[in-house]
Amino acid sequence: LGARAGTYRAAQQWGDAEGCARQAVELAEATSGKDHIRAARARVPLAVVLRRAGRHAEAEAAYRESLPVFEKALGPSSAPTLVVVLGLAQVLLAAGKCGDAEPLLRRAVAGLEGDLGGSHAKVLAALGLLGQAVRRQGRADEAAQIAADIDARNGAAAQADAPPAGPPATAAPSS
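This one's a predicted model, so the numbers in the text were calculated from it and none came from an experiment. (Residues numbered from 1 in each chain as written. Predicted model: local features only at pLDDT ≥ 70, side-chain atom pairs only at ≥ 80, totals over all residues. Heavy atoms only, no water.)

(A) Inspection of helix 4 (residues 56-74) at higher detail. Look at helix 4: 25 Å from first C-alpha to last across 19 residues, which is about the 27 Å you get at 1.5 Å a residue. For helix 4, the complete set of buried residues consists of Ala 59, Glu 60, Ala 62, Tyr 63, Ser 66, Leu 67, Val 69 and Phe 70. Tucked inside the fold, the buried residues of helix 4 contact helix 3 (37-52), helix 5 (79-94) and helix 6 (98-116). Positive phi appears at Gly 75, one or two residues downstream of helix 4, with a value of about 100°. (Helix = DSSP H or I, 4+ residues; strand = E, 2+ residues; numbered from the N terminus. Expected span 1.5 Å × (residues − 1). Buried < 20%, exposed > 50% of the residue type's maximum accessible area, 1.4 Å probe, protein only. Contact = heavy atoms within 4.5 Å.)

Here it is as structure tokens:
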């Protein structure tokens with residue numbers, strides 16, 4: 001069911017994706033219990049579908065229901081938990097709840113940065129969302145600092161990916 005829901009998500013067929021995701025949640029809850037990590041993991045794709053469909057209140061509820069289960073089962077700073085934190089922050093930001101999103105975004109950035117490194121795409125995306133949250137709260141200077149930080153990290157990542165400098169290649173002598 002989860003794979004089928006993912007296929008529908010990729011095709012942006014939100015109604016079909018939601019139906020499959022809801023079935024996956026119901027199955028996981030029936031077999032493992034509502035507070036089991038399996039049920040929480042099943043709720044996250046449902047939350048994603050709801051968020052992308054613009055149903056922010058429902059998506060927020062699904063993320064909030066899943067987050068404590070992830071925290072208890074996997075730890076508050078595990079990468080899967082931080083991805084749920086980031087998803088919840090995205091929903092809150094989309095719903096205009098920037099003040100609520102900001103601490104979650106800071107938590108996600110700090111945790112993911114420690115796990116993945118400061119120039120990882122997921123960290124940079126979380127920083128970008130944090131910049132949006134602070135800008136929407138009227139803190140343009142702080143948002144500009146975050147944008148400069150992202151640019152610096154992108155530059156550092158580009159340098160790290162560049163081939164090492166060395167002497168220019170020379171053509172082999174022809175006979």
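(B) Representation of the pattern of salt bridges within the structure. All chains considered together, the criterion is met by 16 salt bridges. As a salt-bridge pair, Arg 22 and Glu 58 come within 3.4 Å of each other at their nearest N and O atoms. You can see Arg 22 sitting in helix 2 (residues 14-32) and its partner Glu 58 sitting in helix 4, a full 36 residues away along the chain. Given a relative accessible area of 34%, Glu 58 falls into the partly exposed group. The closest approach of N and O atoms between Arg 106 and Glu 142, which form a salt bridge, is 2.4 Å. Highlighted residues: Arg 106 in helix 6 and Glu 142 in helix 8 (residues 140-161), separated in sequence by 36 residues. Overall, Arg 106 belongs to the partly exposed group, its relative accessible area being 35%. Here the residues in one salt-bridge network are Glu 18, Arg 22, Arg 55 and Glu 58, joined through shared partners. (Salt bridge = Lys/Arg side-chain N within 4 Å of Asp/Glu carboxyl O.)

(C) Up close: the confidence of the model for the chain. Predicted confidence across the chain gives a mean pLDDT of 86, with 80% of residues reaching 70 or more. Averaged pLDDT values for the elements of the chain fall to 49 in helix 1 (residues 2-10) and rise to 97 in helix 4. Confidence drops under pLDDT 50 across residues 166-171; counting only partners more than four residues distant or on other chains, this segment forms zero contacts. (pLDDT = per-residue confidence, 0-100.)

(D) Seen up close, the packing of helix 5 against helix 6. Between helix 5 and helix 6, whose axes approach to 8 Å, the crossing angle comes to 150°. Here helix 5 is positioned roughly antiparallel relative to helix 6, judged by the angle of their axes. Crossing of helix 5 against helix 6: the hand is left-handed. Together, Ala 79, Thr 81, Leu 82, Val 85, Leu 86, Leu 88, Ala 89, Leu 92 and Leu 93 of helix 5 and Cys 98, Asp 100, Ala 101, Leu 104, Leu 105, Arg 107, Ala 108, Gly 111, Leu 112 and Asp 115 of helix 6 make up the contact between the two elements. (Axes fitted to C-alpha atoms, helices over the stretch in contact; angles between N-to-C directions. Parallel < 35°, antiparallel > 145°, perpendicular 65-115°, else oblique. Left-handed = near helix turned anticlockwise from the far one by under 90°.)

(E) Seen up close, the side chain of Thr 81. In this structure, Thr 81 sits in helix 5. Reaching out from Thr 81, the side chain makes a polar contact with the backbone oxygen of Phe 70 at a distance of 3.3 Å. Filtering out sequence-adjacent residues up to four positions away, Thr 81 remains in contact with Leu 67, Phe 70, Glu 71, Leu 74, Gly 75, Pro 76 and Arg 107. (Polar contact = N/O pair within 3.5 Å; in protein donor to acceptor, adjacent residues only side chain to side chain.)

(F) Here's a closer look at the nonpolar core. Counting residues in hydrophobic clusters, the biggest one holds 45 residues, and the most contacted among them are Tyr 63, Leu 86, Leu 105 and Leu 127. Taken together, the elements giving at least two residues each to this core come down to helix 2, helix 3, helix 4, helix 5, helix 6, helix 7 (121-136) and helix 8. Beyond its immediate sequence surroundings of up to four residues, Leu 86 is in contact with Leu 105, Ala 108, Leu 112, Lys 122, Ala 126 and Leu 129. (Core = buried A, V, L, I, M, F, W, Y, C linked by side-chain atoms within 4.5 Å.)

(G) Fine view of the environment of Ala 17. With respect to the helices and strands, the residue Ala 17 is situated in helix 2. You can call Ala 17 buried: its relative accessible area is 0%.

(H) Up close: the packing of helix 3 against helix 4. Put simply, helix 3 and helix 4 touch, their axes get as near as 8 Å, and they point 150° apart. Relative to helix 4, the element helix 3 is oriented roughly antiparallel. Crossing of helix 3 over helix 4 shows left-handed handedness. When helix 3 is examined against helix 4, the residues Ile 37, Ala 40, Arg 41, Arg 43, Val 44, Ala 47, Val 48, Leu 50 and Arg 51 are found in contact with a partner set consisting of His 56, Glu 58, Ala 59, Ala 62, Tyr 63, Glu 65, Ser 66, Val 69, Phe 70, Ala 73 and Leu 74. Looking at side-chain class alone, the contact of helix 3 with helix 4 contains 13 nonpolar, two polar and five charged residues. (Nonpolar A, V, L, I, M, F, W, Y, C, P; charged D, E, K, R; others polar.)

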